[in-house]
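# Descriptive analysis of the structure
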Amino acid sequence: KSLSTVVTRGADMDQQLSRPTWSRQIEFTLAGIGCAVGLGNIWRFPYLCYRSGGGAFLVPYLFMLLVLGIPLLHMELTVGQYTRRGPVHALANVCPLLKGVGMASVAISFILCTYYNVVITWALYYLFSSFQAQLPWQSCNNTWNTPNCSDHATNSSYSSTASQEFFKNKMLQQTNGVEESGGMRWELFLILILAWILIYLCIFKGVNSTGKVVYFTALFPYVILIALLINNVQLPGALDGITFFIVPEWDKLLSMEVWVNAAAQIFNSIGIGFGSLLAMSSYNSFNNNILKDTLTISIINSLTSILAGFVIFSALGYMSYLQGIPVRDLAVDGPGLVYVVYPQAFANMPVSQLWSVMFFFMLLCLGLDSEFALVEVMVTSLMDGFSQPLITLFKRKELFVLAVCGVAFLLGIPCVMQVGIYVFQLMDHYTAIVSIMFLAFFEVIAICVNRLSDNLEVMTGKRANIFFRLCWLIVDPVLVTVILIFSIIQFKPARYEGYVFPPWAQGVGWVIALASIIWIPLGAIHTLWVLPGSFTQLQLPRVGKTSHSDKPLTPLCFAQP
């Protein structure tokens, strides 16, 4: 047994010494920005603003950024850089009893990456469709249009716009419900293959290839966003949309749901709990200044959301001007904001093809760097735990990365069938809403009670200031607990527009949620089962040199300084 332990520790140290690092620290910062800034900044943030009283949403959003987003991102980056491991082994080192939290992070990231790439597939479909003399959603004179099609949106529930019909009848060719599977959408199937090829080319060399790609994918979207903003603010009605965005309806702040939505947006946007930024920070140099990266990533992420808000709401103001209805009465719903409402705005702009190509290329860039960060979580975690067997089996790491992408592609195929939009909504509801709150709660419990300040001092020579210590020990655990309880009380079954999923589909959704959450109790049971001694006596020595300390950790995570 002792010889086995020595061999394990030796292998662990060898792996640490050979672990690659970012060529330049700016590459990690850009990769972190690319991971955090994604499609959610373009559609989810403006949609939540729209639904939550415009500027009133900015108050809880900025508050949650300050007390939740920045401290918890700082926490994740500290753990990743200190342990130099992916989520599974990092959390096992920090808190053995809750090592399942790391496994749950990997599971939720992998589930998310299987259907998130479908959104990139849609963006590519719209991008290719934009290279036409007339945008295909510009008129109702197409084979997929119905007699109820209208070139301009109205308040009537009996008519649909050309852009709605292009999305539903042409691209998705969606069925009437999840009960009808329909056939394969072969165009989307082939584009999904293309999307996974792009992802593979971005990550197959690890941080060496990712570090080069992010120079473009993280920075170029800002060029397009600014160009779109300059164009949109000159459109008639744009000022009405921007006014709706920045002028608060203060009574909305009395709604607890608005505050919970703000916290959820911070979690989903920055990526707290998904493990992707933790995995990326494990490739940092050990003495890197984490606080600088934390502030850069979190603040740029939020500023991007606000910039996107100006872009989207100026377009919504233009739409309200064309239709003669107030901004608040426009039909806006999640992904439909990007794939229905905004394309409809393009159709009425001068040089519509140019703006359409730029917008969907921007979505492609935003989606790519978020997607390869999610895939990197699985690759990093499996390589951390099984590097020798995997290299023996696949011969080269590049082939192993190809296998991971291949499995994720196969699992995403149901989303490109005619029933795909229902599968997508079901997976998104139970992964991005249900699972992530449970995961964030246990991650905060696992890490916040540990010696983060000591770890920071070892790496940077400075302990965390009083603000971060207060947030880690008191504010964040309390806030996350309140949000989790409220999320459970206010939980609503998955729906898509007016369609409510049947009970059996909701059951499938809970199975998807449990596929990630179940690892938390399983990890705790395994820890308690394998360690000798009574429950109060259990001690687990840290493995290898990751801790820079010979002090033991108890499975309950309350390590003595």
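Counting restarts for each chain: residues are numbered from 1 in the order of the written sequence. In view of the model being predicted, local features appear only for residues whose pLDDT reaches at least 70, and side-chain atom pairs are presented and counted only at 80 or more, with totals across whole chains, interfaces and linings using the full set of residues. Values reported for side chains reflect all heavy atoms of the structure, with hydrogen atoms and water molecules removed beforehand.

### Brief notes about the state of the cysteines
The criterion for a disulfide is a pair of cysteine sulfur atoms lying within 2.5 Å. Applying the stated rule across the entire model yields 1 disulfide. Note on cysteine connectivity: Cys140 is disulfide-linked to Cys149, with sulfurs 2.0 Å apart. The chirality of the disulfide connecting Cys140 with Cys149 is left-handed, given an S-S dihedral of about -70°. The cysteine Cys405 is free of any disulfide, with Cys113 supplying the nearest cysteine sulfur at 8.0 Å.

### Side note on the packing of helix α6 (residues 87–94) against helix α17 (residues 352–394)
The angle between the axes and the distance between the axes are what describe a pair of packed helices. Relative orientation of the contacting elements α6 and α17 amounts to 60°, with a least axis distance of 7 Å. Of the possible angle classes, the one that applies to α6 and α17 is oblique. Together, Pro87, Val88 and His89 of α6 and Val377, Ser381, Asp384 and Gly385 of α17 make up the contact between the two elements. Residue classes follow a fixed rule: Ala, Val, Leu, Ile, Met, Phe, Trp, Tyr, Cys and Pro count as nonpolar, while Asp, Glu, Lys and Arg count as charged, and any other residue, Gly among them, counts as polar. Among the residues making up the contact of α6 with α17, the classes are represented as 3 nonpolar, 3 polar and 1 charged. Throughout, an axis means a line fitted to C-alpha atoms (over the contacting stretch in the case of helices), and angles, computed between N-to-C directions, take values from 0 to 180 degrees. Numbering of helices and strands starts at the N terminus; helices are DSSP runs of H or I of at least 4 residues and strands are runs of E of at least 2. An angle below 35 degrees is read as roughly parallel, one above 145 as roughly antiparallel, one from 65 to 115 as roughly perpendicular, and any other as oblique. Contacts are residue-level and defined by heavy atoms, with any inter-residue pair within 4.5 Å sufficient.

### Details of the UniProt feature "binding site: Na(+)" (unreviewed entry) in the protein chain
With numbering aligned to this structure, UniProt lists the feature "binding site: Na(+)" (unreviewed entry) at Gly34, Ala36, Val37, Asn41, Ser269, Asn301, Leu366, Asp369 and Ser370. A stretch of 337 residues holds the annotated residues, and the largest C-alpha distance among them is 13.4 Å, short enough that they meet in one place. Relative to the helices and strands, Asn41 resides in helix α3 (residues 39–42). Think of it in three bands: residues with accessible area under 20% of the maximum for their type are buried, residues over 50% are exposed, and the middle band is partly exposed, with areas taken using a 1.4 Å probe on protein chains only. A residue is classified by how much of its surface remains accessible, and Asn41, at 1% relative accessible area, is buried. Ignoring any residue separated from it by four or fewer positions in sequence, one finds Asn41 in contact with Ala36, Pro46, Ser269, Asn301, Thr304, Ser305 and Ala308. Within the secondary structure layout, Ser269 lies in helix α13 (residues 256–270). Taking relative accessible area as the criterion, Ser269 reaches 7% and is therefore assigned buried. Setting aside its immediate chain neighbours within four residues, Ser269 contacts Ala36, Asn41, Asn301 and Ser305. UniProt positions are given in the numbering used here, feature names are shortened, and annotations may be inferred rather than shown by experiment.

### Re the environment of Met184
On the secondary structure map, Met184 appears in the loop between α8 (162–172) and α9 (186–203). A relative accessible area of 23% places Met184 in the partly exposed class. Along the chain, Met184 and Ile413 lie 229 residues apart, while their C-alpha atoms are 8.7 Å from each other. Leave out the neighbours within four places in its chain, and Met184 touches Phe189, Ile413, Val416 and Met417.

### Considerations on the nonpolar core
Think of a nonpolar core as a cluster: buried Ala, Val, Leu, Ile, Met, Phe, Trp, Tyr and Cys residues, connected wherever their side-chain atoms sit within 4.5 Å. One finds Ile42, Trp122, Phe167, Tyr339, Phe359 and Leu363 to be the most contacted residues of the largest nonpolar core, which totals 189 residues. For this core, the leading source of residues is helix α7 (residues 100–129), giving 19 residues. Among all residues touching Trp122, those that are not within four sequence positions of it are Phe167, Met171, Leu172, Leu188, Tyr339, Ile421 and Phe424.

### As for a nonpolar patch on the surface
Judged by side-chain polarity, Leu66, Met256, Ile466, Phe467, Leu470, Leu473, Ile474, Val475, Val478 and Val482 come together as a nonpolar surface patch covering roughly 850 Å² of accessible area. A per-element tally of the nonpolar patch places helix α21 (residues 466–489) first, with 8 residues. For Val478, a relative accessible area of 48% puts it in the partly exposed group. The residues that make up patches have over 30% relative accessible area and no salt bridge, and they are joined within 9 Å when like-charged or within 5 Å when they are Val, Leu, Ile, Met, Phe, Trp or Tyr. Each accessible area is a Shrake-Rupley result for a 1.4 Å probe, and residues are judged covered by the shown protein chains and nothing else. For this document, the term salt bridge refers to a Lys or Arg side-chain nitrogen within 4 Å of an Asp or Glu carboxyl oxygen.

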